[in-house]
Amino acid sequence: MPKSKTQARLVKAPAPVRSSRPGRVQKSEPSPSPPCRTSLLDLPEDIIRLVLDFLPKMTDKVLLACVAPKFRAAFEGWARVQRNPLDMDSLESVPLPQLIRFFKVAGPFIRVLQVDCASFQKESLLAEFVKEYCPNLEEISYSNATDEFHYRSIMSKMTHLKRVTIECLDAEDVLNFDLQPNQELEFFELVNGCYTGKNLCGFPNLRTLVLRDCLLWNSIDFGIPLKSLHTLDLDDCCFEVMNESLYQKIAESCSNLVELLFSGCDTNFEVIAHLPKLERCTLKTWMTSNELNMGFLSVLAEKRGSKLTHLHLSGQFQITNEHARCLGQLSSLTELRFSNNDILDDDHFKFFNELIQLERFGLTLCGRVMDIGMTRMLRKCLLLKVIDLNDCEQITEGFVVNAIGLCSKGPGRDVVLNVKGTRIRPTILTHPDYVDSLNRVRVNFN
């Protein structure tokens with residue numbers, strides 16, 4: 001007979017099962033938790049963006065974006081604030097339908113393109129997709145370029161390129177390309193190629209030109225792209241004719257040059273010292289030449305350095321006392337560095353008498369400089385705040401003790417010593433002079 005509602009309410013819950021042991025009551029098993037009903041579509045947008053950050057390849061990101069409109073919207077929001085790169089090699093094996101989908105979804109957000117010119121099986125197809133769907137490209141980097149220069153047509157169809165790098169297979173190959181629609185071009189780098197200047201004329205915003213391991217042809221167009229430059233880097237380049245006219249052309253053309261990086265500064269280099277706005281200069285030895293042009297330093301010394309604030313000499317330059325005397329008269333310098341030089345020694349520091357604005361000094365792999373030289377430097381340069389010593393094995397803890405003494409005199413001054421790769425050991429940090437409350441010197445080993 002069925003129970004009434006009142007009787008159903010009076011039915012007692014089942015009594016707990018008693019244990020066989022006296023005084024123990026066994027608890028009933030807990031009911032299983034309900035299954036999770038959340039789907040991928042319930043993920044908030046910020047979590048989807050984190051997933052996009054985690055995926056390593058752009059092709060994988062596009063696959064996720066195509067799952068649902070919500071994921072597509074999250075991808076577009078994520079991609080809009082990224083500097084998205086694309087390696088063309090990653091698309092060589094992608095079937096045509098997926099390729100079309102990829103460019104339609106990701107194309108407008110690609111900012112950086114990496115192209116291996118040796119992989120050109122799909123050149124015409126990929127180049128057309130890039131031209132059609134990637135109008136916002138800002139940077140292209142080519143590798144393994146030859147005189148055939150595959151994929152070069154991409155540049156002529158872009159309008160927002162700001163940086164272009166081309167690495168060639170043969171320095172004698174003269175490349176032909178058209179960058180004219182990209183009037184916003186700011187940076188151009190050519191590696192192991194032949195530079196004539198022809199393809200870089202007419203870019204008012206070109207500020208940085210880097211030529212590495214290149215053959216430079218002193219052509220009619222050579223100096224035209226140099227006129228707007230702020231930075232010129234000529235690293236291990238060979239000149240068609242190494243003569244005064246080429247240096248003169250650089251000096252005359254680079255009227256706005258602020259930074260110069262140059263390999264080789266021997267005969268006829270003194271004309272470079274007349275650059276009116278030069279502030280930063282890095283000079284390297286070149287091939288078999290380790291001459292540091294005396295005329296260049298003499299002109300700068302007469303002008304007390306002019307506007308030059310940073311000077312870095314890298315390589316086994318033949319530094320004499322006369323060179324050191326000129327260097328010591330560059331009173332405009334705020335930073336001076338030497339690297340990879342076993343000729344610089346303690347005696348040269350006797351001539352550094354007029355570096356009255358020097359704030360930072362650096363040595364890297366300079367094996368003949370010892371404590372006495374560095375102590376002289378610190379004594380003569382009263383504004384010196386930072387000394388960087390990297391792999392200088394003749395520098396010992398004696399220099400730190402000397403520095404503490406010098407910096408504690410008079411009003412005192414704070415100096416930081418970065419001493420990686422020297423004979424100075426961490427035990428200096430417990431030296432009585434170092435832990436003294438009047439110590440103004442700090443040593444870093446990183």
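Residues numbered from 1 in each chain as written. Predicted model: local features only at pLDDT ≥ 70, side-chain atom pairs only at ≥ 80, totals over all residues. Heavy atoms only, no water.

### Observations regarding the overall build of the chain
Argument step 1. Secondary structure assignment for the chain yields 13 helices and 18 strands.
Argument step 2. Computed over C-alpha atoms, the radius of gyration of the chain comes to 34 Å, more than 25% over the 22 Å expected from 2.2 N^0.38 for 446 residues, which places it beyond the range of a compact globule.
Argument step 3. Each principal axis of the C-alpha distribution contributes one length, and for the chain these read about 120 × 70 × 30 Å.
Argument step 4. Within the chain, the proportion of its 446 residues that are buried is 45%.
Argument step 5. With the model as given, the accessible surface of the chain reaches about 22900 Å², and the carbon-plus-sulfur share is 53%.
Argument step 6. Computing the positive centroid from 52 side-chain charges and the negative centroid from 56, the chain places the two 15 Å apart. (Helix = DSSP H or I, 4+ residues; strand = E, 2+ residues; numbered from the N terminus. Rg over C-alpha atoms; globule rule 2.2 N^0.38 Å. Buried < 20%, exposed > 50% of the residue type's maximum accessible area, 1.4 Å probe, protein only. Areas by Shrake-Rupley, 256 points an atom, 1.4 Å probe, with all protein chains shown as cover. Lys, Arg positive; Asp, Glu negative; His and termini not counted. Charge placed at Lys NZ, Arg CZ, Asp CG, Glu CD.)

### Description of empty space enclosed by the protein
Argument step 1. What the rule picks out here adds up to two cavities of 30 Å³ or more.
Argument step 2. There is about 110 Å³ of room inside the largest cavity.
Argument step 3. Taken together, Val-174, Leu-175, Phe-177, Phe-188, Leu-190, Cys-194, Tyr-195, Thr-196, Gly-197, Lys-198, Asn-199 and Leu-200 make up the full set of residues lining the largest cavity.
Argument step 4. For the lining of the largest cavity, the secondary structure elements donating two or more residues are strand 5 (187–191) and strand 6 (194–195).
Argument step 5. By volume, the second largest cavity is sized at about 60 Å³.
Argument step 6. As for the second largest cavity, its lining consists of Ile-272, Ala-273, Leu-275, Pro-276, Leu-278, Leu-300, Gly-305, Ser-306, Lys-307 and Leu-308. (1 Å grid on protein atoms, 1.4 Å probe; cavity = no way out; pocket = protein on both sides within 12 Å on 5 of 7 lines; lining within 4 Å. Points joined across faces, edges and corners; volume = space filled by probe spheres on them.)

### Quick word on helix 11 (residues 371–380)
Argument step 1. Across the 10 residues that make up helix 11, a large majority, seven, are buried.
Argument step 2. Where helix 11 is concerned, the buried positions are Asp-371, Gly-373, Met-374, Thr-375, Arg-376, Met-377 and Leu-378.
Argument step 3. Against strand 15 (360–364), strand 16 (386–390), helix 12 (397–407) and strand 17 (415–418) lie the buried residues of helix 11. (Contact = heavy atoms within 4.5 Å.)

### A few points about the layout of surface pockets
Argument step 1. Quantified by volume, the largest pocket comes out at close to 180 Å³.
Argument step 2. Pro-56, Lys-57, Met-58, Pro-85 and Leu-86 are the residues nearest the centre of the largest pocket, which is lined by 13 residues in total.
Argument step 3. Going through the elements one at a time, helix 3 (58–65) and strand 1 (84–87) are the ones with two or more residues in the lining of the largest pocket.
Argument step 4. At four residues, the largest contribution of residues to the lining of the largest pocket is made by strand 1.
Argument step 5. The residue inventory of the lining of the largest pocket, partitioned by class, reads six nonpolar, four polar and three charged. (Nonpolar A, V, L, I, M, F, W, Y, C, P; charged D, E, K, R; others polar.)

### Notes on the sheet that holds strand 6
For sheets, the rule is that strands pair by backbone hydrogen bonds, running either parallel or antiparallel.
Argument step 1. With parallel pairing, the three strands of this open sheet are ordered in space as 6-8-10. Each end of this open sheet is capped by a strand with a single partner; those strands are strand 6 and strand 10 (238–239).
Argument step 2. Alignment of strand 8 (residues 215–216) against strand 10, held across two bridges, turns out to be parallel. Considered in strand 10, the bridge of Leu-215 is made with Cys-238. (Pairing = 2+ DSSP bridges.)

### Describing a nonpolar patch on the surface
Argument step 1. Among the surface-exposed residues, Ile-47, Leu-50 and Val-51 lie close enough to one another that they form a single nonpolar patch of about 230 Å² accessible area.
Argument step 2. Relative to the helices and strands, Leu-50 is located in helix 2 (residues 45–54). (Patch = residues over 30% accessible without salt bridge, like charges linked within 9 Å, V, L, I, M, F, W, Y side chains within 5 Å. Salt bridge = Lys/Arg side-chain N within 4 Å of Asp/Glu carboxyl O.)

### What to know about the packing of aromatic side chains
Argument step 1. The tally for this structure, following the rule as stated, stands at 16 aromatic pairs.
Argument step 2. Here Phe-75 and Trp-78 contribute two aromatic rings whose centre-to-centre distance is 6.0 Å and whose plane-to-plane angle is 35°, an arrangement assigned as tilted. Highlighted residues: Phe-75 and Trp-78, both in helix 4 (residues 69–79), separated by three residues, approximately one helical turn. For the pair Phe-75 and Trp-78, one class covers both residues: buried.
Argument step 3. Taking 5.1 Å as the distance between ring centres and 50° as the angle between the ring planes, the aromatic pair formed by Phe-262 and Phe-269 counts as tilted. Judged on exposure class, the residue Phe-262 and its partner Phe-269 are both buried.
Argument step 4. Taken together, the aromatic side chains of Phe-102, Phe-103, Phe-129 and Tyr-133 make up a single cluster linked through ring pairs.
Argument step 5. It is Arg-163 that lies over the ring of Phe-187; its NZ or CZ is 3.8 Å from the centre.
Argument step 6. Over the face of the ring belonging to Tyr-434 we find Arg-442, whose NZ or CZ atom lies 6.0 Å from the ring centre. (Phe/Tyr/Trp six-rings, centres within 6.5 Å; stacked < 30°, edge-to-face > 60°. Lys NZ or Arg CZ within 6 Å of the ring centre and 35° of its normal.)

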